[in-house]
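# Structural description and commentary
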Amino acid sequence: AQSVAQPEDQVNVAEGNPLTVKCTYSVSGNPYLFWYVQYPNRGLQFLLKYITGDNLVKGSYGFEAEFNKSQTSFHLKKPSALVSDSALYFCAVKDQAGTALIFGKGTTLSVSS
Amino acid sequence: GAVVSQHPSWVICKSGTSVKIECRSLDFQATTMFWYRQFPKQSLMLMATSNEGSKATYEQGVEKDKFLINHASLTLSTLTVTSAHPEDSSFYICSARDGGFSGDEQFFGPGTRLTVL
């Protein structure tokens, strides 16, 4: 069975500092990995994805994520956090095209000024 | 980019009534749509997978007679919550798959906030 773990309920960083939001996954085959962001009472906004190719994936708003097959991780990173990055972040996975995404529980990112 | 809309964005209804939520793909054809449910500060839980022209596939524990899903066209799927009760109050989010996009991306609607009194 597929699963996603986001071990941190909340991550707090100061504006301008680098941020990391952790994600590990479990799938039976090759993973399709995604990061989404959600603002209060809003739907999900796509940030980035890994399907194949380079392990370092760059996405929207300066975010990037690194696929690490040996550690089954796909951590989200940003070199310099902004207060406006404060939101709920979801990691998601699936093991084949056409199927639904399985989401982690979400991590609340709080960036202080 | 691909846009998915949901209507209504929020609805308040009385216990025992039925509520219909629409999910539309505005600029692409969605052969598959997914319905998720999200409780406050919790993750999205997949409720069902909807394929155009066929019956929806429900996840374990989701009552198919209570959450009726219809995917009558390539751009519209509806979720009807029948005989709603307060415990059905939640944030319902749909997503649509555009197989034409690289990587089989799903695009999410803005969500519908349902409150059952």
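Residues numbered from 1 in each chain as written. Chains lettered and ligands numbered in written order. Predicted model: local features only at pLDDT ≥ 70, side-chain atom pairs only at ≥ 80, totals over all residues. Heavy atoms only, no water.

### Some remarks on the overall build of chain A
Across its full length, chain A holds zero helices and 12 strands. Listing the helices and strands of chain A from first to last along the sequence gives β-β-β-β-β-β-β-β-β-β-β-β. For chain A, whose C-alpha radius of gyration is 13 Å, the value lies close to the compact-globule estimate of 13 Å for 113 residues. Dimensions of chain A along its principal axes, counting C-alpha atoms only, are 40 × 30 × 20 Å. Taking all 113 residues of chain A together, the buried fraction comes to 46%. The long-range share in chain A, meaning contacts at least 24 apart out of those at least 6 apart in sequence, stands at 57%. Working note: accessible area of chain A is about 5,300 Å², and carbon and sulfur atoms make up 47% of it. (Helix = DSSP H or I, 4+ residues; strand = E, 2+ residues; numbered from the N terminus. Rg over C-alpha atoms; globule rule 2.2 N^0.38 Å. Buried < 20%, exposed > 50% of the residue type's maximum accessible area, 1.4 Å probe, protein only. Contact = heavy atoms within 4.5 Å. Areas by Shrake-Rupley, 256 points an atom, 1.4 Å probe, with all protein chains shown as cover.)

### Re the packing of aromatic side chains
Think of a pair of aromatic rings as described by two things: how far the centres are apart, and how the planes are tilted against each other in angle. With the rule as written, the count across this model stands at 13 aromatic pairs over all chains. With a centroid separation of 4.9 Å and an interplanar angle of 75°, the aromatic rings of A:Tyr36 and B:Phe108 are classed as edge-to-face. On the criterion of chain membership, the pair formed by A:Tyr36 in strand 5 (residues 32-38) and B:Phe108 in strand 10 (residues 106-108) is interchain, its members lying in two chains. Of the two residues examined, A:Tyr36 and B:Phe108, each falls in the buried class. Seen from their ring centres, B:Phe67 and B:Tyr92 are 6.4 Å apart, and the 45° between their planes marks the pair as tilted. Residue B:Phe67 is located in strand 7 (residues 67-73), and its partner B:Tyr92 is located in strand 9 (residues 90-97); the two are separated by 25 residues in the primary sequence. Each of the two residues, B:Phe67 as well as B:Tyr92, counts as buried. (Phe/Tyr/Trp six-rings, centres within 6.5 Å; stacked < 30°, edge-to-face > 60°.)

### Observations concerning the pairing of strand 9 (residues 73-78) of chain A
Residues and elements named next belong to chain A. When you tally the buried positions in strand 9, you get five out of six residues, the bulk of the element. With five bridges joining them, strand 8 (residues 64-68) and strand 9 adopt antiparallel strand pairing. Of the residues in strand 9, the one forming a bridge with Glu64 is Lys77. Taking the residues that link successive antiparallel strands as the turn, the strand 8-strand 9 hairpin has four residues, and the phi of Thr72 there is positive, at about 45°. (Pairing = 2+ DSSP bridges.)

### What to know about the state of the cysteines
Inspection of the entire model under this criterion finds two disulfides over all chains. The disulfide partner of A:Cys23 is A:Cys91, and the S-S distance across this bridge is 2.0 Å. Residues A:Cys23 and A:Cys91 are joined by a disulfide whose S-S torsion is about -60°; by sign, that bridge is left-handed. Here A:Cys23 is found in the loop between strand 3 (19-21) and strand 4 (24-26), whereas its partner A:Cys91 is found in strand 10 (residues 87-94), with 68 residues between them in sequence. Residue classification places A:Cys23 among the buried positions, given a relative accessible area of 0%. With a sulfur-sulfur separation of 2.0 Å, B:Cys23 is cross-linked through a disulfide to B:Cys94. Measuring handedness by torsion sign, the sulfur bridge of B:Cys23 and B:Cys94 sits at about 80° and is right-handed. Within this pair, whereas B:Cys23 is found in strand 3 (residues 19-25), its partner B:Cys94 is found in strand 9, the two being separated by 71 residues in sequence. The same class applies to B:Cys23 as to B:Cys94, namely buried. (Disulfide = S-S within 2.5 Å.)

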